Amino acid sequence: MDDRVKVFERAKELLLGHDMMGFADLWAVDGTMVFPFAPPGRPRLLEGREAVREYVRDYTDHIDLRAVAHEVVHLTEDPGVLIVEFSMDAVAVGTGRPLRPGYVAVITVRDGEIASYRDYWNPLMLDEMSFGSEEGRTHG
């Protein structure tokens, strides 16, 4: 199996297993996570594994990812870059409301670790997860 695909498969496994620290450990020490569509007040760039770890620390307090609903994997000509389109069946923890967040991610893998992860997610999902109020906002 292609190294890029292995890393993405492991990422999904960890997310569905609610192992956010394991998910963060997929990043290279100097790896980045970029959110091009981040709304005001949310980070656009995380630099380094520790920043990713802090960002995802309480993610499962807000969203319960249950299954991959849809997935398309695009192998690029660059042997380190993978583009994935996917959505997840999930539940908003605070409300019990079912969700289906969708993502497009451009992932660069170096030496079996994520060197860069550009996450083109929909920030409107925050309102569905009760992140809309200031007291409800967290990192993740």
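Residues numbered from 1 in each chain as written. Predicted model: local features only at pLDDT ≥ 70, side-chain atom pairs only at ≥ 80, totals over all residues. Heavy atoms only, no water.

(A) Layout of the nonpolar core. Phe23, Trp27, Phe86, Ile107 and Tyr117 are the most contacted members of the largest nonpolar core, which totals 36 residues. Listing elements by their share of this core, those giving two or more residues are α1 (3-16), α2 (20-24), β1 (27-34), α3 (49-56), β3 (63-75), β4 (81-92), β6 (102-110) and β7 (113-119). Excluding residues that lie within four positions of it along the chain, Tyr117 makes contacts with Trp27, Thr32, Met33, Val34, Phe86, Ala105, Val106 and Ile107. (Core = buried A, V, L, I, M, F, W, Y, C linked by side-chain atoms within 4.5 Å. Buried < 20%, exposed > 50% of the residue type's maximum accessible area, 1.4 Å probe, protein only. Helix = DSSP H or I, 4+ residues; strand = E, 2+ residues; numbered from the N terminus. Contact = heavy atoms within 4.5 Å.)

(B) A look at unusual backbone geometry. Despite not being glycine, His18 has its phi angle at roughly 60 degrees, a positive value. Residue placement: His18 occurs in the loop between α1 and α2. Classification of His18 as partly exposed rests on a relative accessible area of 37%. In the Ramachandran plot, Asp111 falls in the positive-phi region, its phi being about 55 degrees despite a non-glycine side chain. Positionally, Asp111 belongs in the loop between β6 and β7. Since its relative accessible area comes to 74%, Asp111 is described here as exposed.

(C) Structural context of the pairing of β6. Sheet topology places β4 next to β6; 7 bridges connect them, and they run antiparallel. Within β6, the residue paired with Phe86 across the bridge is Tyr103. The sheet contact formed by β6 and β7 spans 6 bridges and is antiparallel. Looking at the pairing, Ala105 lines up with Asp119 of β7. Two successive antiparallel strands, β6 and β7, enclose a turn made up of 2 residues, where Asp111 displays a positive phi of approximately 55 degrees. (Pairing = 2+ DSSP bridges.)

(D) Structural view of the packing of aromatic side chains. Inspection of the entire model under this criterion finds 6 aromatic pairs. Between Trp27 and Tyr117, the ring centres sit 5.6 Å apart and the planes meet at 40 degrees, which makes this aromatic pair tilted. Of this pair, Trp27 sits in strand β1 while Tyr117 sits in strand β7, and the two are 90 residues apart along the sequence. For the pair Trp27 and Tyr117, a shared accessibility class is recorded, and that class is buried. Between Phe37 and Tyr120, the aromatic rings sit 5.5 Å apart at their centres with planes inclined by 65 degrees, giving edge-to-face as the arrangement. Of the two residues, Phe37 is situated in the loop between β1 and β2 (45-47) and Tyr120 in the loop between β7 and α4 (125-128); the sequence distance between them amounts to 83 residues. On the basis of relative accessibility, which here comes to 49%, the residue Phe37 falls in the partly exposed class. Overall, the relative accessible area of 27% leaves Tyr120 in the partly exposed class. (Phe/Tyr/Trp six-rings, centres within 6.5 Å; stacked < 30°, edge-to-face > 60°.)

So far we have only geometry, and geometry alone does not tell us how the molecule works.
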